[in-house]
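Observations on chain architecture
Each chain, written out:
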Amino acid sequence: MGFLTRTREEAPCTVTVSHRFEELSAHVRFDNGAVVHPGDAVEVQGAEIMAPYGECIEEHRTAIITRASGLERMWTRATGDFEFMELCEFSFSGEALS
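Residues numbered from 1 in each chain as written. Predicted model: local features only at pLDDT ≥ 70, side-chain atom pairs only at ≥ 80, totals over all residues. Heavy atoms only, no water.

**Describing the sheet that holds strand β3 (residues 41-44)**
As summarised here, the arrangement of the four strands in space is β2-β1-β4-β3, forming an open sheet in which the pairing is antiparallel. Bordering the open sheet on either side are β2 (24-30) and β3, each of which pairs with just one other strand. Taking each pair of neighbouring strands and ignoring which way they run, the sheet shows an average axis angle of 35°. Taken together, the four bridges between β3 and strand β4 (residues 55-67) define a ladder with antiparallel strand orientation. Paired with Val42 across the two strands is Ile65, which belongs to β4. (Pairing = 2+ DSSP bridges. Helix = DSSP H or I, 4+ residues; strand = E, 2+ residues; numbered from the N terminus. Axes fitted to C-alpha atoms, helices over the stretch in contact; angles between N-to-C directions.)

**Examining the confidence of the model for the chain**
Summarising the model, the chain shows a mean pLDDT of 86, and 83% of its residues fall at 70 or more. Mean pLDDT values for the elements of the chain range from 79 in helix α1 (residues 70-87) up to 96 in β4. (pLDDT = per-residue confidence, 0-100.)

**Some details on the environment of Glu22**
Relative to the assigned elements, Glu22 resides in the loop between β1 (7-19) and β2. Note on Glu22: relative accessible area 63%, which makes it exposed. On a C-alpha basis, the gap between Glu22 and Gly54 in space is 9.1 Å, while along the polypeptide they are 32 residues apart. (Buried < 20%, exposed > 50% of the residue type's maximum accessible area, 1.4 Å probe, protein only.)

Structure below.
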């Protein structure tokens, strides 16, 4: 990883897609132990996985991990808290909308 350059690596992964009443989720686990850091991007190769209702599907795929440059990683760490706070700006009220 350079300070101004990105690197790419391939990693075998397991994709689990659940479409059940209790859970609606998609997870990627890297089979080689690769770790994703702030600023990195992951793209799973292959066609989209559609799980029918009530099922959980697990497939083995290859993922392309684009590692952030040192500068991008520092910027992500410095500004990440601010972006997270944007997600937290919500409220609930007991009043019905008219």
